[in-house]
Structure formats: structure tokens, C-alpha cells
Amino acid sequence: LFCLLFVYRLLRINNNYRLAYYLFGILAYPILAFNFYFNDGIIGPTFYIFFLVHMVMLSISPIGKFIFWSVLNFIFFVALFYAGSVYKDSLPAMYDSWELIFFDHSITYLGTLVGISLLIGTIKQYYINQKNKVSEKGRELIQANRNLNRVNSEKDKIITIISHDLKNPLQSIMQTLELINQS
């Protein structure tokens, strides 16, 4: 909990996104391994949280880091699952009954479900906001294009008028110069 509060402080108060990102990613897996050990190994619900942590890391990671975080998640998952399967007698038994296992799994799954739902809701809201901004910019560009077309049309009219108005006087000058040249 202290680690999460520290990461939150870095992110929100100190605006140090990069450090918060790496600390969360690096600290989450050892914390989950600790939780796995003290929460009855593969019988406990730690693996639900593994999925949630992975979803969080993917949602805040640049696309280039997806493979790294996916491989790290997979390695921790497989290592803990193997240790929990092979060395299950060395793990402390935390549950007295199947009802407690059911309750712990249900609560953890619900928390994971809520976390993933909030994450996806946030991503969708961000997408909608960006889509609205793009639509607004598109409308602004269409309006600017209309204004440019109108100004371009006015420019063409002015050039046509000027060229017409200059054509006759220049024609007269040219004829006069030709007469002077001939004489």
C-alpha cells in the first residue's frame, strides 16, 4: 500500500510520470510474488491481480514496451505457478475452509473486474474526448478551407478586372510605340 501511495504521489503531485511508471512496473511483480506466497499459492487469488497489473501496464505503456511487460508478466506467472505446484507444502496455509477460498476469490475477482472496467472506461472516455477534438478540428479546417476558397475566388476576380483594365491602355501604348517606330 505504501508503494502504491508513493507511486501515486510521484504521478499526481510531483508530475513525474516516467519514474512512477517504472516504479509501478518494477515493484508490482515482487509485491505480487509476496502476496502469492502468503496467500496460499495457486489456491489463492493472486493470479487475478496479475492480469489486472498487466492490463494497467499495457494501458500506460508505449506500444514498444508491450512485449517487455507481457514477457515479464508471463515469466513471473509461470515461475510462481511452478513454485506453487512443486513446492506447495512450503507455502503457509491461509485458508481454513473452502468457503474462505470462495470468498477470497470472489472479492479479488470483483476487485479485478472493477479495476479493468475502470481502466477500459477511462480509455474509452479518452478516445471519445480525442474523437471530439478531431471532429472540432475537422470542422475548423472545413471552415478555413471555405474561407480560403472564397478569398481565392475574390483574388481571381480582382486579377481578371485588373488585367482587363490594363489591357486597353497597354494596347494603346503599344500601338503608339509601333507608329513611332514606323515613322
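Residues numbered from 1 in each chain as written. Predicted model: local features only at pLDDT ≥ 70, side-chain atom pairs only at ≥ 80, totals over all residues. Heavy atoms only, no water.

S.K.: Tell me about the overall build of the protein, and name the residues and values.
M.R.: Of the regular secondary structure elements, the protein holds five helices and zero strands. Its helices and strands in sequence order give the protein the pattern α-α-α-α-α, from N to C terminus. Its C-alpha atoms give the protein a radius of gyration of 35 Å, more than 25% over the compact-globule value 16 Å for 183 residues. Partitioning the intrachain contacts of the protein with sequence separation of at least 6 by distance along the chain shows that 69% fall at a separation of at least 24. If you average the places of the 15 positive and of the 11 negative side-chain charges in the protein, the two averages end up 8 Å apart. (Helix = DSSP H or I, 4+ residues; strand = E, 2+ residues; numbered from the N terminus. Rg over C-alpha atoms; globule rule 2.2 N^0.38 Å. Contact = heavy atoms within 4.5 Å. Lys, Arg positive; Asp, Glu negative; His and termini not counted. Charge placed at Lys NZ, Arg CZ, Asp CG, Glu CD.)

S.K.: Talk me through helix H2 (residues 17–38); I want residue IDs and the actual numbers.
M.R.: Compared with the 32 Å implied by 1.5 Å per residue over 22 residues, the 31 Å span of H2 between its first and last C-alpha is a close match. Where H2 bends most, the angle comes to about 25 degrees, and this point is Ala 28, followed within four residues by the proline Pro 30. Restricting attention to buried positions, one finds in H2 the residues Ala 20, Tyr 21, Phe 24, Gly 25, Ala 28, Tyr 29, Leu 32, Ala 33 and Phe 36. Downstream of H2 by one or two residues, Asp 40 has phi in the positive range, about 70 degrees. (Expected span 1.5 Å × (residues − 1). Bend = angle between axes of the 7 residues up to and from the residue. Buried < 20%, exposed > 50% of the residue type's maximum accessible area, 1.4 Å probe, protein only.)

S.K.: Before we move on, could you go through the nonpolar core and cite the residues and values that matter?
M.R.: Within the largest apolar cluster, 16 residues are counted, with the highest numbers of intra-cluster contacts made by Phe 50, Val 53, Met 57 and Leu 80. For this core, the secondary-structure elements that each account for two or more residues are helix H1 (2–13), H2, helix H3 (46–60) and helix H4 (66–86). The leading source of residues in this core is H2, at eight residues. Contacts of Leu 80, omitting those with residues within four sequence positions, involve Ala 33, Phe 36, Phe 47 and Phe 50. (Core = buried A, V, L, I, M, F, W, Y, C linked by side-chain atoms within 4.5 Å.)

S.K.: Outline H3, listing residues and values.
M.R.: If you check H3, its first and last C-alpha atoms are 22 Å apart, about what 15 residues at 1.5 Å a residue would give, namely 21 Å. In this fold, the buried residues of H3 make contact with H2, H4 and helix H5 (98–182).

S.K.: With reference to specific residues and values, describe a nonpolar patch on the surface.
M.R.: On the surface, Ile 42, Ile 43, Ile 67, Val 71, Phe 74, Ile 75, Phe 77, Val 78 and Phe 81 cluster together to form a nonpolar patch covering roughly 810 Å² of accessible area. Position of Val 78 among the secondary structure elements: in helix H4. (Patch = residues over 30% accessible without salt bridge, like charges linked within 9 Å, V, L, I, M, F, W, Y side chains within 5 Å. Areas by Shrake-Rupley, 256 points an atom, 1.4 Å probe, with all protein chains shown as cover. Salt bridge = Lys/Arg side-chain N within 4 Å of Asp/Glu carboxyl O.)

S.K.: Hey, could you go over the pattern of salt bridges for me, with residue numbers and the actual values?
M.R.: A full pass over the atoms with the stated rule returns four salt bridges. Note that Glu 140 is salt-bridged to Lys 137, the shortest N-O span being 3.9 Å. Residue Glu 140 and its partner Lys 137 are both found in helix H5; the two are separated by three residues, about one turn of the helix. Owing to a relative accessible area of 52%, Lys 137 belongs among the exposed residues under this scheme.

S.K.: Now, about the packing of aromatic side chains: what can you tell me, with residues and values included?
M.R.: Two measures describe an aromatic ring pair: the distance that separates the ring centres and the angle between the ring planes. Scanning all chains against the criterion turns up 11 aromatic pairs. With a centroid separation of 5.9 Å and 50 degrees between ring planes, the pair formed by Phe 47 and Phe 50 is classed as tilted. Within this pair, Phe 47 and its partner Phe 50 are both found in helix H3, separated by three residues, close to a single helical turn. As far as the burial class goes, Phe 47 and Phe 50 line up, both buried. Members of the aromatic cluster, connected to one another through ring pairs, are Tyr 29, Phe 36, Phe 47, Phe 50, Phe 76, Phe 77 and Phe 81. (Phe/Tyr/Trp six-rings, centres within 6.5 Å; stacked < 30°, edge-to-face > 60°.)

S.K.: Run through the side chain of Ser 61, naming residues and quoting values.
M.R.: Examined against the element boundaries, Ser 61 turns out to sit in the loop between H3 and H4. Within polar-contact distance, the side chain of Ser 61 engages the backbone oxygen of Met 57 at 2.4 Å. A polar contact of 3.4 Å, which involves the side chain of Ser 61, links it to the side chain of Trp 69. In contact with Ser 61, not counting residues within four places along its chain, are Tyr 21, Phe 66 and Trp 69. (Polar contact = N/O pair within 3.5 Å; in protein donor to acceptor, adjacent residues only side chain to side chain.)

By themselves these figures say nothing about function.
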